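Commentary on secondary and tertiary structure
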Amino acid sequence: MGVLKVGVLGAGIVGLVSAEEVVKTFPSADVTIIADKFLMDTTSDGAAGLFMPVLYNFSAKTDDLTREIIKESYEYYSNFINKNCGVTEAYGFLLSDTTKEVCYSDMLSTILPIYRDATEEELLEYPGNWRYGTYVKTLITKGRNFMPSCLKRLKESGVKVIKKTVQNINELENKFDVVINCSGIGAAELFNDTSLVPLRGQIVKARSPEVDKFILAGEETYIIPYGHGVSTLGGTHQLGHYDTAIRKHDTQGILNRCSALLPQLKNTQILWEWAGLRPYRHSVRIEKEKIRKLKVIHNYGHGGVGVSTAPGTSKYAVLLMEEMLKNSKL
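Now for a description of the structure that goes with this document. (Residues numbered from 1 in each chain as written. Predicted model: local features only at pLDDT ≥ 70, side-chain atom pairs only at ≥ 80, totals over all residues. Heavy atoms only, no water.)

On to the overall build of the protein, then. Counting its secondary structure elements, the protein contains nine helices and 15 strands. Scored against the burial criterion, the 330 residues of the protein give a buried share of 55%. Sequence separation of at least 24 residues holds for 75% of the intrachain contacts in the protein that already meet a minimum separation of 6. Accessible area for the protein stands at about 15,200 Å²; split by element, carbon and sulfur atoms hold 49% of it. Here the protein contributes 39 positively and 37 negatively charged side chains, and the mean placements of these two sets differ by 7 Å. (Helix = DSSP H or I, 4+ residues; strand = E, 2+ residues; numbered from the N terminus. Buried < 20%, exposed > 50% of the residue type's maximum accessible area, 1.4 Å probe, protein only. Contact = heavy atoms within 4.5 Å. Areas by Shrake-Rupley, 256 points an atom, 1.4 Å probe, with all protein chains shown as cover. Lys, Arg positive; Asp, Glu negative; His and termini not counted. Charge placed at Lys NZ, Arg CZ, Asp CG, Glu CD.)

On to the pattern of salt bridges. Enumeration over the complete set of coordinates arrives at 19 salt bridges. A salt bridge links Glu122 to Arg116; its shortest N-O distance comes to 2.9 Å. With relative accessibility at 14%, the residue Glu122 sits in the buried group. Judged by relative accessible area, which is 33%, Arg116 ranks as partly exposed. The residue Arg292 makes a salt bridge to Glu173 at a minimum N-O spacing of 2.9 Å. On the criterion of sequence distance, the pair formed by Arg292 in the loop between strand 14 (285-291) and strand 15 (294-300) and Glu173 in the loop between strand 6 (160-163) and strand 7 (178-181) is long-range, its members being 119 residues apart. You can call Arg292 exposed: its relative accessible area is 56%. Through salt bridges with shared partners, one network takes in Lys61, Arg285, Glu287 and Glu289. (Salt bridge = Lys/Arg side-chain N within 4 Å of Asp/Glu carboxyl O.)

Here the focus is the sheet that holds strand 15. Two modes of strand pairing occur in sheets, parallel and antiparallel, and in both the strands are linked by backbone hydrogen bonds. Spatially, 6-2-1-7-15-14 is the arrangement adopted by the six strands of the open sheet, whose pairing is mixed. Strands at the two margins of the open sheet, each flanked by one partner only, are strand 6 and strand 14. Direction aside, the axes of adjacent strands within the sheet are offset by 20 degrees on average. With four bridges connecting them, strand 2 (residues 30-35) and strand 6 associate as parallel partners. In the strand pairing of strand 6, Ile33 is matched with Val161. (Pairing = 2+ DSSP bridges. Axes fitted to C-alpha atoms, helices over the stretch in contact; angles between N-to-C directions.)

Using the criterion set out here, one finds 11 aromatic pairs in the structure. Positioned above the aromatic ring of Tyr104, the side-chain terminus of Lys100 is 4.9 Å from the ring centre. If you follow Lys142 out to its NZ or CZ, it ends over the ring of Tyr226, 4.8 Å from the centre. (Phe/Tyr/Trp six-rings, centres within 6.5 Å; stacked < 30°, edge-to-face > 60°. Lys NZ or Arg CZ within 6 Å of the ring centre and 35° of its normal.)

Take the packing of helix 1 (residues 13-25) against helix 6 (residues 143-156) next. Where helix 1 contacts helix 6, the two axes come as close as 10 Å, and the packing angle between them is 30 degrees. The orientation of helix 1 relative to helix 6 falls into the category roughly parallel. Helix 1 and helix 6 meet at a crossing whose hand is left-handed. Across from Ile13, Leu16, Ala19 and Glu20 in helix 1, the residues of helix 6 making contact are Phe146, Met147, Cys150, Leu151, Arg153 and Leu154. (Parallel < 35°, antiparallel > 145°, perpendicular 65-115°, else oblique. Left-handed = near helix turned anticlockwise from the far one by under 90°.)

If you add up the space inside the second largest pocket, you get close to 160 Å³. In terms of lining, the second largest pocket is formed by Val17, Glu20, Glu21, Lys24, Glu72, Tyr76, Pro311 and Lys315. Secondary structure elements with two or more residues in the lining of the second largest pocket: helix 1, helix 3 (63-78) and helix 9 (306-326). The element best represented in the lining of the second largest pocket is helix 1, accounting for four residues. For the lining of the second largest pocket, the per-class residue count stands at three nonpolar, no polar and five charged. (1 Å grid on protein atoms, 1.4 Å probe; cavity = no way out; pocket = protein on both sides within 12 Å on 5 of 7 lines; lining within 4 Å. Points joined across faces, edges and corners; volume = space filled by probe spheres on them. Nonpolar A, V, L, I, M, F, W, Y, C, P; charged D, E, K, R; others polar.)

Okay, the nonpolar core next. Within the largest apolar cluster, 69 residues are counted, with the highest numbers of intra-cluster contacts made by Ile13, Ile33, Met52, Phe146, Phe214 and Met321. Tallying contributions element by element places helix 9 first for this core, with eight residues. Those residues in contact with Met321 that sit more than four places away from it in its chain are Leu4, Val6, Val22, Phe26, Val178, Ile180 and Ile297. Core analysis: the next-biggest nonpolar cluster, separate from the first, contains 20 residues, Leu123, Trp130, Leu233 and Leu255 among them. (Core = buried A, V, L, I, M, F, W, Y, C linked by side-chain atoms within 4.5 Å.)

A few words on the side chain of Ser96. In this structure, Ser96 sits in strand 3 (residues 87-96). Leaving out residues up to four positions away in the same chain, Ser96 has contacts with Val102, Cys103, Trp130, Arg131 and Tyr132.

For the rest of this paragraph, the subject is unusual backbone geometry. The peptide bond linking Gly234 to Gly235 adopts the cis configuration, its omega dihedral lying at 0 degrees. Inspection of the secondary structure puts Gly235 in the loop between strand 11 (230-234) and strand 12 (238-239). Backbone geometry places Asn84, a non-glycine residue, at a positive phi of 60 degrees. Here Asn84 shows up in the loop between helix 3 and strand 3. On the accessibility criterion, Asn84 (82% relative accessible area) is exposed.

Dropping the structure here:
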């Protein structure tokens with residue numbers, strides 16, 4: 001048996017954590033990450049990173065797999081709390097003025113350490129007609145800190161990195177035994193996945209030293225502490241939009257909604273803004289496929305929760321890879 005050669009296509013959080021899982025499972029493998037964008041150029045860099053996946057319509061093929069992915073992901077990030085790589089504990093509220101389902105998940109209530117109904121007094125703390133609320137203890141993972149730390153660990157373990165745009169998956173056929181596809185929105189064209197569409201998100205990073213709890217209000221408005229007196233204000237969920245330029249009307253809409261929720265943000269200082277295309281699919285794709293001679297494991301379509309769910313989907317992707325290799329000559 002020769003050395004197993006594994007290519008990981010994509011260097012967002014899903015690609016990096018997938019490479020990490022390969023190294024853990026196959027310590028002697030020759031692993032290479034191939035991507036045209038790294039670190040601050042990836043969609044993962046702009047993510048607010050709040051661990052709250054189910055409420056953002058994340059799902060796998062089955063409820064059991066969805067729950068396992070979320071549980072594995074939470075446990076993974078818990079190991080990095082306060083280790084100077086961007087993972088911190090966070091407390092805050094989910095609010096709804098319509099139905100309880102908007103702000104409550106039975107699945108998350110069994111995974112997160114604190115997950116309870118908000119009291120009437122707590123709901124009254126925030127302007128608006130909030131009928132339901134949930135108080136939560138969870139995690140925030142800042143991609144801008146976590147990804148460089150992860151990439152450093154990978155390089156130290158011998159993982160190679162190639163900056164390259166792959167135009168056709170067949171380019172990799174004779175270079176790797178297996179490719180884990182973590183190409184995000186790029187998979188739509190590269191693998192002809194017509195069910196994958198961009199979900200445009202725009203956020204504002206604002207000066208907000210007084211914010212110490214996150215708030216998710218309804219389906220689009222959120223205020224999430226980023227650290228050092230900065231918060232992430234959001235957001236937008238614009239399905240089918242391909243534009244990553246900052247839109248002034250979206251910025252104003254975000255500021256209006258967030259300052260209505262926390263009036264002290266009315267004259268906040270904007271530090272920077274970001275817009276990106278999240279890879280949305282009816283369910284995340286974690287599947288094996290043979291393309292000519294090349295074994296491919298797909299791991300993409302995480303929507304707006306790639307940071308939150310990457311560890312769990314990557315673990316399952318590598319399990320599929322193990323299954324695929326058992327039936328091969330490698």
